[in-house]
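One-letter residues, chain by chain:
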Amino acid sequence: AGSIDWARVRADFPLLHRAVHDRPLVYFDNANTSQKPAAVIEAMDGYYRRYNANVSRAVHQLGSEATEAYEDVRRRLARFLNVRADELVLCSGTTFAINLVAYSWALPRLGPGDAILVSRMEHHANIVPWQLVAERTGATVRVAEIRPDGTLDLDALHAAMTPEVKLLAVAHVSNLLGTVNPVRAICREAARRGIVTVVDGSQAVPHRRVDIAALGCDFYAFTGHKMCGPTGTGALWARREHLEAMPPFIGGGEMIREVSFEGTVFNDPPHKFEAGTPNIAGFVGLGAAVDYLAALGMDAVEAREGELLAHLTEALGDIDGLRILGSAPDKAAVVAFLVDGAHAHDLATLLDLEGIAIRSGQHCAHPLLQFYGVAATCRASLAFYNTHDEIDAFAAALRKVRGLLG
Ligand code: PMP
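Residues numbered from 1 in each chain as written. Predicted model: local features only at pLDDT ≥ 70, side-chain atom pairs only at ≥ 80, totals over all residues.

What about the overall build of the protein?
Phase 1 of the analysis: When helices and strands are tallied, the protein shows 14 helices and 17 strands.
Phase 2 of the analysis: At 22 Å, the protein has a C-alpha radius of gyration in line with the 22 Å of a compact globule built from 406 residues.
Phase 3 of the analysis: Projected onto its principal axes, the C-alpha coordinates of the protein cover approximately 70 × 55 × 35 Å. (Helix = DSSP H or I, 4+ residues; strand = E, 2+ residues; numbered from the N terminus. Rg over C-alpha atoms; globule rule 2.2 N^0.38 Å.)

Encoded structure:
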């Protein structure tokens, strides 16, 4: 990390140079979506200017360039995450990826008496699809509890892995607390009991080196827009045997080999799950994002964000009446906090006037907020392109607006 000039890295992100309410923007809402380097924006622009065509089997030159670019992104993503390219289903993001598992894997397999185990700290995208499956199959959704420090209670989790449990859905990194879950150990325990594992990697892939093969999970979902890529991109990684056994979720063009009114022969996975025209420009951009992150090196990204998190935690620790939720020893650069006597939305609104973007509210994690007995929190989430000066400016602004709120 020492050899990277982070000021130059920051200069790669055009949006970070703008002002908000006549103040320099401080963008601390990276867990929501990341900003994009010029290389990503230019890659998408280049696609539309030079080789815009569908990725169908058109024989013309533009069609083959677009198809090659799209399939090359799949290969680069696969290399980045240490998986096979033909096990990577490209889709619109984590939400779609998890729903694909829910509808294609879980729905045909689960029934009354079965259970789906999810953790207390899941994003709604890793809760609601399982509730929908449970409703339709008669299975139940069981909750693995956390401890007050925001870590999973592993003893409780293992105890909850009873024979009824067929599937375990867990976040790699919590979007609100930043907790990094010991996913490898959890998946090992689950596999020993024959439980299929779904890992929500939305907040992990952008912030640390993820070797999906080493995790030992069955499914891994992630989203492109949090990893410097465009919105509407993401992927589901799944073991080949699952992809082969699963029926398609969405039907249409591109996912078939032959269609007749007597019956349809599906294409091989992953194409079997990619009906219709995909977000080609978006994936071209995601390919540039992967190249960008790989060039920085995810270990360097993690180290940089670790330094920023330490600074942020210390700066917030000096503010009276401020409480941080969660203090996991292994934590990504996400800080959920509350300030006595100040509503989260009021704080975020006043901070916006200072040019500072943080999130306030429930963060698509209602069950987690219920655990802490709070209605809403603020959340500051960092990326490698944030700076120590921004953290100081944030802490100063927080003191100021807190004073205004009495
Ligand atoms: N899971 C987690 C942990 C997330 O942080 C998010 C995004 N906030 C999602 C799932 C959903 O991702 P998307 O909206 O890109 O589908």
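From this point, the narrative continues.
Focus: the site of the ligand
Phase 1 of the analysis: Taken together, 14 residues are adjacent to the ligand, and Gly93, Thr95, His123, Asn175 and Thr223 come closest.
Phase 2 of the analysis: Counted by class, the shell around the ligand contains three nonpolar, ten polar and one charged residues. (Near = placed C-beta within 6 Å. Nonpolar A, V, L, I, M, F, W, Y, C, P; charged D, E, K, R; others polar.)

Details of the environment of Val170
Phase 1 of the analysis: Tracing the chain through its elements places Val170 in strand 7 (residues 165-171).
Phase 2 of the analysis: Take Val170: there are 25 C-beta atoms within 10 Å of it, and that puts it in the buried class.
Phase 3 of the analysis: Taking the C-alpha atoms as reference points, Val170 and Ile358, 188 residues apart in sequence, are found 25 Å from one another.
Phase 4 of the analysis: Ignoring sequence-local partners within four residues, the contact set of Val170 consists of Ser119, Asn181, Val183, Ile186 and Val199. (Buried ≥ 20, exposed ≤ 12 C-beta atoms within 10 Å, placed from the backbone. Contact = placed C-beta atoms within 7 Å.)

Re the sheet that holds strand 5 (residues 115-119)
Phase 1 of the analysis: One open sheet accounts for seven strands, arranged 4-10-9-8-7-5-6; its pairing is mixed. Since the sheet does not close on itself, it has two edges, and those belong to strand 4 (88-91) and strand 6 (140-144), each with one partner. For this sheet, the mean angle separating the axes of adjacent strands, direction not counted, is 20 degrees.
Phase 2 of the analysis: Bridging between strand 5 and strand 6 involves five bridges; their strand directions are parallel. The residue of strand 6 that forms the bridge with Ala115 is Thr140. (Pairing = 2+ DSSP bridges. Axes fitted to C-alpha atoms, helices over the stretch in contact; angles between N-to-C directions.)

A closer look at the nonpolar core
Within soluble globular proteins, side chains that are nonpolar tend to cluster in buried spots.
Phase 1 of the analysis: In this structure, Phe219, Ala235, Leu236 and Trp237 are the most contacted members of the largest nonpolar core, which totals 127 residues.
Phase 2 of the analysis: In terms of residues, this core owes the most to one element, helix 10 (residues 280-296), which gives eleven residues.
Phase 3 of the analysis: When residues of this core are assigned to domains, at least three map to each of domain 1 (6-30 + 297-404) and domain 2 (42-294).
Phase 4 of the analysis: With near-sequence residues (within four places) excluded, Leu236 lies in contact with Val89, Cys91, Ala97, Leu100, Val101, Phe219 and Ala221. (Core = buried A, V, L, I, M, F, W, Y, C linked by C-beta atoms within 7 Å. Domains from an automatic or database assignment.)

As for unusual backbone geometry
Phase 1 of the analysis: Look at the link from Pro269 to Pro270: it is a cis peptide, with omega at 5 degrees.
Phase 2 of the analysis: Along the chain, Pro270 falls in the loop between strand 12 (263-266) and helix 10.
Phase 3 of the analysis: For Asn82, which is not glycine, the phi dihedral falls at a positive 55 degrees.
Phase 4 of the analysis: Relative to the elements of secondary structure, Asn82 occurs in the loop between helix 3 (61-81) and strand 4.
Phase 5 of the analysis: Taking the number of C-beta atoms within 10 Å as the measure of exposure, Asn82 has 14 and is therefore partly exposed.
Phase 6 of the analysis: Within the chain, Cys364 stands out as a residue other than glycine whose phi angle is a positive 50 degrees.
Phase 7 of the analysis: Summarising the element assignment, Cys364 is placed in the loop between strand 16 (359-361) and helix 13 (366-372).
Phase 8 of the analysis: Since 17 C-beta atoms lie within 10 Å of it, Cys364 is described here as partly exposed.

Focus: the packing of helix 2 (residues 38-51) against helix 10
Phase 1 of the analysis: Look at helix 2 against helix 10: their axes get within 8 Å of each other, and the N-to-C directions meet at 145 degrees. With respect to the hand of their crossing, helix 2 and helix 10 are arranged in right-handed fashion. Contacts from Ala39, Val40, Ala43, Met44, Tyr47 and Tyr48 in helix 2 reach Ile280, Ala281, Val284, Gly285, Gly287, Ala288, Ala289 and Tyr292 in helix 10.
Phase 2 of the analysis: The residue makeup of the contact of helix 2 with helix 10, split by class, is twelve nonpolar, two polar and no charged. (Left-handed = near helix turned anticlockwise from the far one by under 90°.)

Looking at the domain arrangement of the protein
Interface size is commonly expressed as the accessible area that is lost once the parts come together.
Phase 1 of the analysis: Assigned domains within the protein: domain 1 (6-30 + 297-404) and domain 2 (42-294).
Phase 2 of the analysis: Here the C-alpha centre of domain 2 lies 28 Å away from the C-alpha centre of domain 1.
Phase 3 of the analysis: Opposite the 23 residues of domain 1 that make contact, domain 2 presents 22 residues.
Phase 4 of the analysis: When residues in the side of domain 1 that touches domain 2 are grouped by element, the largest group, five residues, is from helix 11 (residues 298-317).
Phase 5 of the analysis: For the side of domain 1 that touches domain 2, the class distribution of residues is 14 nonpolar, three polar and six charged.

Considering the sheet that holds strand 17 (residues 377-381)
Phase 1 of the analysis: Spatially, 13-14-17-16 is the arrangement adopted by the four strands of the open sheet, whose pairing is antiparallel. Only two strands of the sheet have a single partner each, and these edge strands are strand 13 (322-325) and strand 16. On average, adjacent strands in this sheet sit at an angle of 30 degrees to one another, irrespective of strand direction.
Phase 2 of the analysis: Bridging between strand 14 (residues 334-339) and strand 17 involves four bridges; their strand directions are antiparallel.

Some details on helix 3
Phase 1 of the analysis: With 21 residues, helix 3 ought to run about 30 Å at 1.5 Å a step, and its terminal C-alpha atoms sit 30 Å apart, in line with that.
Phase 2 of the analysis: Restricting attention to buried positions, one finds in helix 3 the residues Ala66, Ala69, Tyr70, Val73, Arg74, Leu77, Phe80 and Leu81. The arc enclosing the buried residues of helix 3, seen along the axis, measures out at 135 degrees, which places them on a common side. Counted as exposed and oriented over 90 degrees from the buried face of helix 3: Gln61, Glu68 and Arg79.
Phase 3 of the analysis: Lining the buried residues of helix 3 we find helix 2, strand 4, helix 8 (212-215), strand 10 (234-238) and helix 10.
Phase 4 of the analysis: Looking one or two residues past helix 3, Asn82 carries a phi angle of roughly 55 degrees, positive in sign. (Expected span 1.5 Å × (residues − 1). Arc of directions from axis to C-beta.)

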